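# Structure at a glance
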Amino acid sequence: MPIRLLPSALLLFALALPVVAQPVPLTVPFTAPGTTGYDPAIPTPEQVLGHTLGERHTRPADVVRYFEAVAAASDRVSTLVFGQTYEGRRLVVAHVGRPDRIADLARVQAANRKLSDDPASVADTDLDALPVVAYMGYGVHGNEASTTEAGVLLLYHLAAGQGPAVDAILDDALVLIDPMLNPDGRDRFVDWVNGQRGGVATRDLQDREHNEPWPNGRTNHYLFDLNRDWLPLQHVESRARMDLWHGWRPQLSTDYHEMGRNATYFFQPGVPSRTNPNTPALNQALTQQIGEFHARALDRIGQLYYAGESFDDYYYGKGSTYPDVNGSVGILFEQASSRALTTETVNGPLDYGTTIRNQFATSLSSLEAAVTLRDDLLRHQRDFYAGAVAFARDADVQGYVVATEPYPTRAAALQQVLQQHRIRVHDLAQPVTVDGERFEPGAAFVVPVAQPQARLVKAAMERVTTFPDSIFYDVSTWTLPLAFGVPYAEMPDVTARVLGAERPRTALPAGRLVGGRAAYAYAIPWGRALAPRALGRFQQAGVRVRLATAPFAMDVRTSSERMQRLRFDRGTLIVPVEQPGVDGLTVIRLVEQAVAEDGVDAYALPTGLTPEGPDLGGPSVPVLDAPTIGLFAGSGTSVYRVGEAWHLLSERYRLPVSLLNARDVNRLALDDYDVLVLAGFLFAWGSDEREAIEAWVRAGGTLVTLGRGMVAAAQAGWLDAEITEADDDADVVPYELRDRQRGAQALGGSIFAATLDPTHPLAYGYGPTVALFKQGAFFLAADSSNAEAVVGQYTDRPRLSGYVSARNLDALTDGAAVVANRLGRGRVIGIDGAPSFRAFWWGTQGLLANAVFFGQTF
């Protein structure tokens, strides 16, 4: 049921839907409540796009084109391109409001930011002059397409609409319309559905339009769910949007989605027991009040809906929850999806136009609520920040001290994330000892809780092991210092003497070049976060790099007057200056680039003869072959796990990676690859495929398996590990509690401590313990039957943070975390959990790099 925009009215509401396969445009106008007409000088979507909304799926480039066309025609609108996606698509936002405010946005923005920057200076009477700022966010999942179309419709309505309802919004609100949070994913989806549809749309669920192929349009270019990246901020789209969002600090922030076709319509609040404890009670009370506006709007058009079930407000990395810990009110909307142009559901036929209509209806109700509750929303944000001092004073932990050594790149990456969230980070001004660990000035920073972002500091940095509920819509923990793998401690007290100057936002640090230009070779210790990028840089230039598999010492010139004996650990890279086929000056230049851009330290070595340990040309320092890497992808693999590995290897480490269709094993030239990565495997290969993979490994290949991929390798007999799954059997409970009991056994995502064997190549660059992020209730045994294969093992008290049932914790304790064994002339490696989880688990991402580069060495 496309929505046709006629000069006389906006067609919003339908009395009945035709039960036919082909959606029929509405021809009877129904004017949005409080609207008397539309300015003909403002172009309608149909005039610019060439189709009626709901008649086909609108391409991302056309959405941007429409926003620019409206801004050119209306003094109520200005647009801003605030970023770009990985694929080069523009991120656009429209500012909509009274013409005088649009002409002076900087002043409006500055006045609004005083609510959070200087809340004590804003009296109740000052609120009367402020508009409420509403951020309307659409389409973070690219194949939840009705969301973006509703944003287009909202822009037209606010730019062209006449009448008291539109005037009230323009007078009392400044509206930000962000129509596409994920243009790359939307483009992937729109190309599919528009390209698979014939002249007459069909509701046949077997039709190709209804069956979007892997990886579908939900995710961004690197297959990440951007609605989980509001807190980690690892992607270009999220970082650009965070600067936009915090530039305005809206009081209301909406997040529009779609869900399964057989559902109805959801709006928050979610499940009450699953609200994050750091969210103030008033936030949920306002969410409840706002929900009443949505209910009335949906009642008016006869649309079924619900609230208080299914979804929650716990993980702060989503567009509907992140605002809650920033003095705003975030609202999640979920519309039953037609996906295609029309579909059949248990509730009857569902057309694309209907889904757009519903999303538009709650867009209007959101703005009606924002205007009606303007004083309450403005006061809530002001008081949220005014109350930060009291919140911090009552907190058990007063700050967090983070060591910048021995992992300066990881610490700097953590600092960057915190500061983009407007969290203040300070130098450590004097030595402190916490729980027996000493932190030194110049090698640590402090994150005090006593600052405007007090609640967000606590939520981002704390460990949590007790919960009001045992079921989570998303992960149960995300402790950032554990994720970035940096030494840190919770400070029960933070005095003024401890806090040094506030740190500025900076780039990731460069490394050190010690000893100047080398005459013989460079030693580059392994363990810096981007050392794999440096190694790839050398190998792609044809430079042969050797790996120290035993410790050694060397006398190095550390100043112009002094030689000092330095000790180098296992995993140190040796880069000889003299290389067959590569000029020595090229080698020196590449090393200097790696120091400056990859943050590694490089030491100029005068000789290959070591005073201690193996000499640099011996068998203990083998040459590393440059790996050719294949990553299994496509149908049957986990989109998220594949995306994590792809992003890490290709984007962060800048390594060439081939994506290989997992179901095409028998048609692939496997001999072209040295390393195959199996990340998140969701189906079992047949005997022919298993034989092909095994033959490749036995001939010398390295198979790296992650998460469920490791389960598949163990089941095939390639990996020396016994896998056990969580037991679904449970004590008899009443029927109404069975789902909850089963849900309580799910392991949606928690953090566990594991010890590593530091002498094994897979553990090079690491200390004795790591914090692994694990999802999925499957476990590896570590006992005498596979003792030689175990490289990493969960501790006897493994939980660091997050929810895990007692049964699953018992199964995990002392189990294997990293397993590796020979198979013929090849190797099979299994890494439990998600070593590069959502791209912000910098602390264990190096395990995958070690497997790729060093798997050939054991």
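In this text the structure is predicted, and so the values were computed from the model without any measurement. (Residues numbered from 1 in each chain as written. Predicted model: local features only at pLDDT ≥ 70, side-chain atom pairs only at ≥ 80, totals over all residues. Heavy atoms only, no water.)

## Re the overall build of the chain
For the chain, the count of helices and strands is 23 helices and 39 strands. Relative to the globule expectation of 29 Å for 858 residues, the C-alpha radius of gyration of the chain, 29 Å, shows essentially globular dimensions. C-alpha extents for the chain along the principal axes are approximately 90 × 65 × 65 Å. Here the chain holds 858 residues, and the buried ones make up 61% of them. Contacts in the chain between residues at least 24 apart in sequence constitute 79% of all its contacts with a sequence separation of at least 6. Within the structure as shown, the chain displays about 30,900 Å² of accessible surface, and the carbon and sulfur contribution to it stands at 49%. (Helix = DSSP H or I, 4+ residues; strand = E, 2+ residues; numbered from the N terminus. Rg over C-alpha atoms; globule rule 2.2 N^0.38 Å. Buried < 20%, exposed > 50% of the residue type's maximum accessible area, 1.4 Å probe, protein only. Contact = heavy atoms within 4.5 Å. Areas by Shrake-Rupley, 256 points an atom, 1.4 Å probe, with all protein chains shown as cover.)

## What to know about the environment of glutamine 579
The residue glutamine 579 is located in the loop between β26 (573–576) and α17 (584–598) in this model. Along the backbone, glutamine 579 and valine 543 are 36 residues apart, and their C-alpha atoms lie at a distance of 6.7 Å. Residues within four places of glutamine 579 in sequence aside, it is in contact with Gly542, Val543, Arg544 and Val587.

## A word on the environment of glutamine 196
Checked against the element boundaries, glutamine 196 lands in helix α7 (residues 183–196). A relative accessible area of 25% means that glutamine 196 is categorised as partly exposed. C-alpha separation for the pair glutamine 196 and histidine 210, spaced 14 residues apart in sequence, amounts to 8.9 Å. At 2.8 Å, the side chain of glutamine 196 forms a polar contact with the side chain of arginine 208. (Polar contact = N/O pair within 3.5 Å; in protein donor to acceptor, adjacent residues only side chain to side chain.)

## Observations regarding the packing of helix α5 (residues 146–160) against helix α10 (residues 352–372)
In the contact formed by α5 and α10, the axes pass within 8 Å of each other and the chain directions differ by 55 degrees. Viewed along their axes, α5 and α10 adopt a mutual orientation that is oblique. Once α5 is placed against α10, the crossing between them reads as right-handed. On α10, the residues that touch Ser146, Thr147, Glu149, Ala150, Leu153, Leu154, His157 and Leu158 of α5 are Tyr352, Thr355, Ile356, Gln359, Phe360, Ser363, Leu364 and Leu367. Of the residues belonging to the contact of α5 with α10, the class tally is nine nonpolar, six polar and one charged. (Axes fitted to C-alpha atoms, helices over the stretch in contact; angles between N-to-C directions. Parallel < 35°, antiparallel > 145°, perpendicular 65-115°, else oblique. Left-handed = near helix turned anticlockwise from the far one by under 90°. Nonpolar A, V, L, I, M, F, W, Y, C, P; charged D, E, K, R; others polar.)

## Some remarks on the packing of aromatic side chains
Within this structure, the stated rule accounts for 34 aromatic pairs. Between phenylalanine 752 and tyrosine 794, the aromatic rings sit 6.3 Å apart at their centres with planes inclined by 80 degrees, giving edge-to-face as the arrangement. Separated by 42 residues along the polypeptide, phenylalanine 752 in strand β34 (residues 750–756) and tyrosine 794 in strand β37 (residues 790–801) bring together distant segments of the chain. With respect to burial, phenylalanine 752 and tyrosine 794 carry one shared label: buried. The rings of Tyr314, Tyr315, Tyr316, Phe467, Trp478 and Tyr803 are connected pair by pair, giving a single aromatic cluster. A cation over an aromatic ring shows up here: arginine 663 above the ring of phenylalanine 683, its NZ or CZ 3.9 Å from the ring centre. (Phe/Tyr/Trp six-rings, centres within 6.5 Å; stacked < 30°, edge-to-face > 60°. Lys NZ or Arg CZ within 6 Å of the ring centre and 35° of its normal.)

## Some thoughts on the sheet that holds strand β6 (residues 132–138)
As summarised here, the arrangement of the seven strands in space is β4-β5-β8-β6-β9-β11-β10, forming an open sheet in which the pairing is mixed. A strand with exactly one partner marks an edge of an open sheet, and here the two such strands are β4 (77–84) and β10 (265–267). Here the average twist between neighbouring strands, direction ignored, is 20 degrees. Relative to strand β9 (residues 252–259), β6 runs parallel, the two being bridged by five bridges. Following the sheet pairing, glycine 137 is matched in β9 by aspartate 255. (Pairing = 2+ DSSP bridges.)

## Thoughts on the pattern of salt bridges
All chains considered together, the criterion is met by 44 salt bridges. Glutamate 597 is the partner of arginine 537 in a salt bridge, and the nearest nitrogen-oxygen pair spans 3.2 Å. Within this pair, whereas arginine 537 is found in helix α16 (residues 531–540), its partner glutamate 597 is found in helix α17, the two being separated by 60 residues in sequence. Among the residues examined, glutamate 597 registers a relative accessible area of 47% and is labelled partly exposed. Salt bridges linked by common partners bring Glu144, Arg218, Asp225, Arg228, Asp474 and Arg838 together as one network. (Salt bridge = Lys/Arg side-chain N within 4 Å of Asp/Glu carboxyl O.)

## Description of the nonpolar core
Side chains of a nonpolar character, in soluble globular proteins, are inclined to be buried together. The biggest cluster of nonpolar side chains holds 75 residues, and the ones touching the most others in it are Tyr522, Phe538 and Val575. If we ignore the near neighbours within four places in the chain, the residues touching valine 575 are Ala521, Tyr522, Ile524, Phe538, Val543, Val545, Val587 and Val591. Judged by nonpolar contacts, the second largest core, of 72 residues, contains Tyr135, Ala395, Phe467 and Ala834. (Core = buried A, V, L, I, M, F, W, Y, C linked by side-chain atoms within 4.5 Å.)

## Comments concerning the side chain of arginine 537
Side chain to side chain, arginine 537 and glutamate 597 meet in a polar contact 3.2 Å long. Setting aside residues no more than four positions away along its own chain, arginine 537 makes contact with Leu590, Gln593, Ala594, Glu597 and Asp598.

## Considering unusual backbone geometry
Residue proline 269 follows glutamine 268 across a cis peptide bond; omega there is 25 degrees. Locating proline 269 in the fold gives a position in the loop between β10 and α9 (281–300). With an omega dihedral of 10 degrees, the bond running from glutamate 405 to proline 406 counts as a cis peptide bond. Relative to the assigned elements, proline 406 resides in the loop between β14 (399–403) and α13 (408–420).

## Considerations on the side chain of asparagine 850
When you line up the elements, asparagine 850 lands in helix α23 (residues 842–854). Of note is the side chain of asparagine 850, whose polar atom sits 2.8 Å from the side chain of tryptophan 526. Leave out the neighbours within four places in its chain, and asparagine 850 touches Trp526, Pro761, Leu762, Ala763, Tyr764, Tyr766 and Gly855.

## A closer look at helix α11 (residues 374–386)
Between its terminal C-alpha atoms α11 stretches 18 Å, which fits the 18 Å expected from 13 residues at 1.5 Å a residue. Residues of α11 that are buried include every one of Arg374, Leu377, Leu378, His380, Gln381, Arg382, Phe384 and Tyr385, and no others. (Expected span 1.5 Å × (residues − 1).)

## Digging into the packing of α16 against α23
Contact pair α16 / α23: the axes reach a minimum separation of 11 Å and the direction vectors enclose 25 degrees. Between α16 and α23, the crossing angle belongs to the class labelled roughly parallel. You can see that α16 and α23 cross each other, and the crossing is left-handed. Along its contact with α16, which presents Pro532, Leu535, Gly536 and Gln539, the element α23 presents Ala849, Phe853 and Phe854.

## Observations concerning the confidence of the model for the chain
When pLDDT is averaged across the chain, the result is 93; 95% of the residues are at 70 or more. Within the model, pLDDT remains below 50 along residues 4–21, and this stretch shows 59 contacts once partners closer than five positions in the same chain are excluded. Taken as a whole, residues 24–30 scores under 50 in pLDDT and shows 20 contacts with residues more than four places along the chain or in a different chain. (pLDDT = per-residue confidence, 0-100.)

## With respect to helix α14 (residues 454–461)
Of all eight residues making up α14, six are buried, and the element is well covered by its neighbours. Regarding α14, the residues found buried are Ala454, Leu456, Val457, Ala459, Ala460 and Met461. Residues of α14 that are buried sit in contact with α12 (388–394), β14, α13, β18 (444–448), α15 (480–484) and β19 (488–491).

## Things to note about the pairing of strand β29 (residues 629–633)
Regular strands have side chains that alternate between both faces of the sheet. Burial within β29 is extensive, with five of its five residues counted as buried. Alternating residues of β29 divide into Ile629, Leu631 and Ala633 and Gly630 and Phe632, and every residue in both groups is buried. Relative to strand β30 (residues 657–661), β29 runs parallel, the two being bridged by five bridges. Following the sheet pairing, phenylalanine 632 is matched in β30 by leucine 660. Crossover handedness for the path β29 to helix α18 (residues 639–652) to β30: right-handed. The pairing of β29 with strand β31 (residues 675–679) spans three bridges and is parallel. Pairing of leucine 631 across the sheet is with valine 677, part of β31. (Right-handed = clockwise from strand over helix to strand, strands pointing away.)

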